[in-house]
Amino acid sequence: MDGLNFLLENGMPLDEIKRLMDHDDLTLDQIVESAKRIIARGDHLTFSSFSSFSQGWDEPIPFDEIDTPPFPVDCLPAPAAAFVDELAESTQTPPEMSATMVLGVMAIAFQKRYVVVINPDWVEPLCLYLLAIAAPGERKSAVSSATTKPVFACEAKQRDIEAVEIMQNRAERDLLEKRLETVKKTAANAKNREQMEDARSEMLELSAQLAEFKELHPTRLIVDDTTPEKLVDIMNEQGGSIAIVSSEGGVFDAMAGRYDKTYNFDVYLKAFSGDFISIDRIGRKSNHVENPRLTMALTVQPNVIQGLMSNDVFRGRGLCGRFLYSVCKSKIGHRKVSPKPVTPETKKAYYDFVTRLLLDQGSGDVHLSKEADRLREEYQSCIESRLLNELESMQDWGNKITGTMIRIAALLHLSSFPASEPISAETMTAAIKIAEFYFVHAQAAYQVMGADENMDGAKCAWKRIDGSDKDQISRSEIFNLCRGRFKKADDLEPVLQILIDMGYMKEMLEETGGRPKKMYALNPLRKSRKSRKRGLSA
């Protein structure tokens, strides 16, 4: 269970959580840890009940040991939830891998036909960028294949239905083109002015018909590995929408210029937001996609995400902030040898569910109910506060999570209710729970994968501070311990703030008889932590 959901489900109002973060400058993790002790002593969670804990020491948050929560599977529609549970058991993979891919399938079904309208100036498309991160041998391909199989089946069936019409369409275009070539030759060989005018008139008419001719293309819902240029061609052919589903990281190589050695990922930025795409190329037909929609559902190895996070161009242009990350917990070493397979009933219910979504012919706007919009406002306000706390080092991600959460709410709604009905408070609550799951996993992706230079600096600084075996230390002493890592003392400021936020130390003033000296008190609980580690290794 993630932090915010834990507090909400134990009766802590969202406005009081925000008040604690603003008033007492507490992080969500500190509030949760205090809340657990308050509940243990039998008290209710209120603003005043936290006062006795705000000055005490808590266990410091371990580096690289973010406790990522499981996916709230019960928030998914029933057929999808049952399939996720049974597929996770069958493949002996964490449910978050299957659930993340299922969200991608839902986005594929609806991204082309619906948008969610928050207000006249704020409209969100329903595409998602999803990344499930797991080590080699974690059966990523098996999960990706099982969750998307009904999509490919529906695509194949649709292509069979379209085959005759597409062949006729191509034959009709060929006839027009050949007739035009014939008329051009007639005009060139005309023996008198009358023949020339007749040929010219027919030539202009045929040219107009070709210009207005609507070329039909076989339905494609998913592609795997393609260049950005070819991706735009496919989107143009498919009415602006396509999905990339892959268990490899080739799409990031394409973005980084695998073929022409130059970064070319504007299409990926614009297609997430639904911004107009226009591609003009010398010697080739121009492409213009008015309402692009791209969903990416990728299952990749950690080294792929490390390359993504460490790429200054990807991070600086906002690509990293568009993804929902799921850092999957490994079951290797504890996997069942003969797990239960997915039951035929569950598999059929999921396939029928996906097929129903894909064949839905509706389109239009989805709106929020008043109750759902109130929850959206509260969550957005909470995120805004966290941008200067837990999300400070990943503001690119935090600035997009509210909009992404609303997209998820719309997908959940459309999967179970008519588009004409507004999104309910219950559905919005489920979407917030899912967003909170991805919040903690994004922290793990950004921190553990080395995307945060300040976090790396904090790890280095703490290792040296802890090795000094002091109970308190000054800023200048820390700088001397870390000489070589930091060029000037001011570079320490964000690092020291991280160590304070994670509970490793606190600011204090030491009386000197004159002007008080700022010092840092080191968390005494770290010593018992080290003792426990020594005991375990003895």
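Residues numbered from 1 in each chain as written. Predicted model: local features only at pLDDT ≥ 70, side-chain atom pairs only at ≥ 80, totals over all residues. Heavy atoms only, no water.

**Some points on the nonpolar core**
Argument step 1. Among the nonpolar cores identified, the biggest contains 129 residues, and Leu-7, Leu-103, Tyr-268, Met-296, Tyr-325 and Trp-397 are the most heavily contacted of them.
Argument step 2. In contact with Tyr-325, not counting residues within four places along its chain, are Leu-131, Ile-133, Ile-305, Leu-308, Met-309, Cys-320, Trp-397, Tyr-438, His-441, Ala-442, Ala-445 and Tyr-446.
Argument step 3. Judged by nonpolar contacts, the second largest core, of 22 residues, contains Trp-462, Val-495, Tyr-504 and Met-505. (Core = buried A, V, L, I, M, F, W, Y, C linked by side-chain atoms within 4.5 Å. Buried < 20%, exposed > 50% of the residue type's maximum accessible area, 1.4 Å probe, protein only. Contact = heavy atoms within 4.5 Å.)

**Notes on unusual backbone geometry**
Argument step 1. Here Gln-92, not a glycine, exhibits a phi torsion of approximately 55°, which is positive.
Argument step 2. Along the chain, Gln-92 turns up in the loop between helix H4 (78–91) and helix H5 (95–110).
Argument step 3. Of the residues examined, Gln-92 reaches a relative accessible area of 3% and is grouped as buried.
Argument step 4. At Arg-139, a residue that is not glycine, the phi angle is positive and equals roughly 65°.
Argument step 5. Structurally, the position occupied by Arg-139 is in the loop between strand S3 (129–133) and helix H6 (140–188). (Helix = DSSP H or I, 4+ residues; strand = E, 2+ residues; numbered from the N terminus.)

**Some points on the packing of helix H8 (residues 228–237) against helix H10 (residues 266–273)**
Argument step 1. The contact between H8 and H10 brings their axes to 9 Å, and the two run at 35°. Where H8 approaches H10, its residues Pro-228, Leu-231, Val-232 and Met-235 are matched on the opposing element by Val-267, Tyr-268 and Ala-271.
Argument step 2. Of the residues contributing to the contact of H8 with H10, the split by class is seven nonpolar, no polar and no charged. (Axes fitted to C-alpha atoms, helices over the stretch in contact; angles between N-to-C directions. Nonpolar A, V, L, I, M, F, W, Y, C, P; charged D, E, K, R; others polar.)

**Some thoughts on H4**
Argument step 1. In this model, H4 (14 residues) spans 20 Å end to end at C-alpha, consistent with the 20 Å of a helix rising 1.5 Å per residue.
Argument step 2. On its buried face, H4 sits against H5, H6 and helix H13 (344–359).
Argument step 3. Among the residues trailing H4, Gln-92 stands out with phi positive, at a value near 55°. (Expected span 1.5 Å × (residues − 1).)

**Focus on the pairing of strand S13 (residues 517–522)**
Argument step 1. Pairing geometry for strand S11 (residues 472–473) and S13, over two bridges, is antiparallel. From the neighbouring strand, Ile-473 faces S13, where its bridge partner is Tyr-520.
Argument step 2. As paired elements, strand S12 (residues 505–510) and S13 share six bridges and run antiparallel to each other. Looking at the pairing, Glu-510 lines up with Lys-517 of S13.
Argument step 3. Linking S12 back to S13 in an antiparallel pair, the connection comprises six residues, with Gly-513 at a positive phi of about 90°. (Pairing = 2+ DSSP bridges.)

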